[in-house]
Amino acid sequence: MNVKITASNTIDTLEQIQSVLGGVIEEKWGEFFLKIDNEKAKGTIRFIAFDRGVSLLDYDIVFYEEVLFSRDTSFFNPIRFSYCMEGNYGHFFEKSNSKTKIEQYQAVIVTGKDGGHSCTLFAKNVHVKLNVIQVLRNKFVASTDCTMEFVNEKLYEVFYDSDHDNKFAYYGTYNLKMADKINAIYKIKKKGILRMLTIEGKVYEILSMHISQHNQEVKGEKVETTLLKEEIKLIRKYSRKIIKTPDVNYTLESISEETGLTQAKLQEGFKLIYSRTVTEYIRHIRLEKARELMNTTDCNVSQVAYTVGFSSRSYFSKIFKSKYKVSPSEYLKLKQKKTILQTGVA
């Protein structure tokens, strides 16, 4: 199945995709969703436009047959900063003999040449989660307060190629920290303008990570790791288990036995993905859960401490204050004062 895209903006792009794949387009607070559930595909394609010519386009979808997205870059040709959260897909330029397979956790920067076609190929029955930040170079450069000296020479030329005379493709290495930044977007529960502002802030963080990674790799400063891709996925899966059940008595030894990974690999993986040791990560998750409980329940300090897995109230109070600059008891008192001010009920 071929989806030919000749639109001059992303809203029209969604409509052209809809004309082939079906589905319904919904809009809420400037957040557009193409929701598809039929014999061709199941999932969602989301689009949000921000200021400065930056927009977010992400996919969370399964296609039930091979689908080729062919974009005519004569009409709409942003720099596309892409990151594959799940699954894989292929990319190539029209009239090129080489097709590149983009794997999970891989970062990519692509822009086409005026008059050409940039093609994305999605395989059949593969669940794809793809995050794409699009930058309209003329508008972005004109509205950016600072100069573009923070980018390397290659990217600088791409940003200032105002006539779109050249195509550009950078297929980067795995970037695990970017996955967590992108996951944070999906977890935002705020509504209205606060939601949009929070998402926009996260999008610029991710964009800066793309640029920073390209800068590093141009200098030959690639992130080195001995971990295999499957080992990385296993560590990420286990970290989600810790988030769901922080009260479990986790130890490095028990996690190593459960996952089959050596303690050294566990430490390397957690440091690489979360910039924390295993113990630091567990403590961080427990403290975040503790603060959430204090905000949403009437539990006292001891109950909170034991609920999230601390056996010592004094130790819990000590590290809570170290992290949040206020003791748990003081935190609860501040919460109570805030409630009284808001409701007028003591």
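All of these numbers come straight from a predicted model, not from anything done at the bench.

Caption draft 1: Structural context of the overall build of the protein. Looking only at helices and strands, the protein has 12 helices and 13 strands in total. Across its three principal axes, the protein shows a C-alpha extent of roughly 65 × 55 × 50 Å. Scored against the burial criterion, the 346 residues of the protein give a buried share of 46%. Expressed as a percentage of contacts within the protein between residues at least 6 apart in sequence, the contacts between residues at least 24 apart total 66%. As displayed, the protein has an accessible area near 18,100 Å², and 51% of this comes from carbon and sulfur atoms. Mean positive and mean negative side-chain charge positions of the protein (52 and 42 charges, respectively) differ by 7 Å.

Caption draft 2: Quick peek at a nonpolar patch on the surface. On the surface, Trp 29, Ile 193, Leu 194 and Leu 197 cluster together into a nonpolar patch covering about 470 Å² of accessible area. Mapped onto the secondary structure, Ile 193 falls in helix H5 (residues 192-218).

Caption draft 3: Representation of the side chain of Gln 106 in the model. Along the chain, the position of Gln 106 falls in strand S10 (residues 106-111). By relative accessible area, which is 10% here, Gln 106 ends up buried. From its side chain, Gln 106 meets the backbone nitrogen of Glu 103 in a polar contact 2.9 Å long. The contact partners of Gln 106, leaving out residues within four places of it in the chain, are Ser 82, Tyr 83, Cys 84, Lys 101, Tyr 171, Gly 172, Thr 173 and Tyr 174.

Caption draft 4: Inspection of the pattern of salt bridges at higher detail. Within the structure shown, the criterion is met by 11 salt bridges. Residue Glu 258 is joined to Lys 241 by a salt bridge in which the shortest nitrogen-to-oxygen separation is 2.5 Å. In this pair, Glu 258 is assigned in helix H7 (residues 252-259) and Lys 241 in helix H6 (residues 229-244), connecting sequence segments 17 residues apart. Note on Glu 258: relative accessible area 48%, which makes it partly exposed.

Caption draft 5: Geometry of the sheet that holds strand S4 (residues 41-49). With antiparallel pairing, eight strands are arranged side by side in an open sheet as S2-S3-S4-S5-S12-S7-S10-S13. In this open sheet, the two edge strands, each paired with only one partner strand, are strand S2 (24-28) and strand S13 (168-174). Strand after strand, the sheet turns through a mean of 15° between neighbouring axes, direction not considered. Sheet topology note: the strand S5 (residues 54-63)/strand S12 (residues 127-135) ladder contains nine bridges and is antiparallel. Its bridge partner lying in S12, Ser 55 is registered against Gln 134. Packing against the sheet, helix H4 (residues 176-186) makes contact with S4, S5, strand S7 (79-86), S10, S12 and S13, and its axis sits at approximately 90° to S7. Of the strands in this sheet, strand S3 (31-37), S4, S5, S7, S10, S12 and S13 touch H5, which is tilted by about 90° from S13.

Caption draft 6: Representation of helix H9 (residues 278-296). Between the first and last C-alpha of H9 there are 27 Å, a value that for 19 residues agrees with the 27 Å anticipated at 1.5 Å per step. When H9 is considered as a whole, its buried residues turn out to be Val 278, Tyr 281, Ile 282, His 284, Ile 285, Arg 286, Leu 287, Ala 290, Leu 293 and Met 294.

Caption draft 7: Focus on the environment of Gly 220. Within the secondary structure, Gly 220 sits in the loop between H5 and H6. Between the C-alpha atoms of Gly 220 and Ser 70, which are 150 residues apart in sequence, the distance is 33 Å.

Caption draft 8: Fine view of the nonpolar core. If you look at the biggest cluster of nonpolar residues, it comprises 52 residues, and the most contacted ones within it are Phe 81 and Phe 159. By residue number, the principal contributor to this core is H5, which donates seven residues.

Caption draft 9: Structural context of the sheet that holds strand S8 (residues 89-93). Overall, mixed pairing links the five strands, which are arranged S1-S6-S11-S8-S9 in an open sheet. This sheet does not close on itself; its edge strands, each paired only once, are strand S1 (2-5) and strand S9 (100-102). Averaged over neighbouring strand pairs, the angle between their axes works out to 20° when direction is ignored. Alignment of strand S6 (residues 67-72) against strand S11 (residues 117-122), held across six bridges, turns out to be antiparallel. Note on S11: the bridge partner recorded for Val 67 is Phe 122. On top of the sheet, helix H1 (residues 10-21) reaches S1 and S6; it is set at about 155° to S1, its chief contact.

Caption draft 10: Spatial organisation of the packing of aromatic side chains. Under the counting rule described, the total for this entry stands at 18 aromatic pairs. Taking the centre distance of 6.2 Å and the plane angle of 35° together, the rings of Phe 32 and Phe 47 count as tilted. Taken together, the residues Phe 32 in strand S3 and Phe 47 in strand S4 connect sequence positions 15 residues apart. For Phe 32, a relative accessible area of 23% gives the class partly exposed. When the centroid spacing of 5.1 Å and the interplanar angle of 35° are considered together, the rings of Phe 63 and Phe 122 count as tilted. Placement of the pair is Phe 63 in strand S5 and Phe 122 in strand S11, with a sequence separation of 59 residues. Of the two residues, Phe 63 and Phe 122, neither departs from the other in class, the shared state being buried.

Caption draft 11: Up close: the environment of Lys 4. By the element assignment, Lys 4 lies in strand S1. Between the C-alpha atom of Lys 4 and that of Thr 297, which follows or precedes it by 293 residues, the distance is 52 Å. With sequence-adjacent residues up to four places away left out, Lys 4 is seen in contact with Gln 16 and Ser 70.

Thresholds applied
Residues numbered from 1 in each chain as written. Predicted model: local features only at pLDDT ≥ 70, side-chain atom pairs only at ≥ 80, totals over all residues. Heavy atoms only, no water. Helix = DSSP H or I, 4+ residues; strand = E, 2+ residues; numbered from the N terminus. Buried < 20%, exposed > 50% of the residue type's maximum accessible area, 1.4 Å probe, protein only. Contact = heavy atoms within 4.5 Å. Areas by Shrake-Rupley, 256 points an atom, 1.4 Å probe, with all protein chains shown as cover. Lys, Arg positive; Asp, Glu negative; His and termini not counted. Charge placed at Lys NZ, Arg CZ, Asp CG, Glu CD. Patch = residues over 30% accessible without salt bridge, like charges linked within 9 Å, V, L, I, M, F, W, Y side chains within 5 Å. Salt bridge = Lys/Arg side-chain N within 4 Å of Asp/Glu carboxyl O. Polar contact = N/O pair within 3.5 Å; in protein donor to acceptor, adjacent residues only side chain to side chain. Pairing = 2+ DSSP bridges. Axes fitted to C-alpha atoms, helices over the stretch in contact; angles between N-to-C directions. Expected span 1.5 Å × (residues − 1). Core = buried A, V, L, I, M, F, W, Y, C linked by side-chain atoms within 4.5 Å. Phe/Tyr/Trp six-rings, centres within 6.5 Å; stacked < 30°, edge-to-face > 60°.

Honestly, it's all geometry; don't read function into it.
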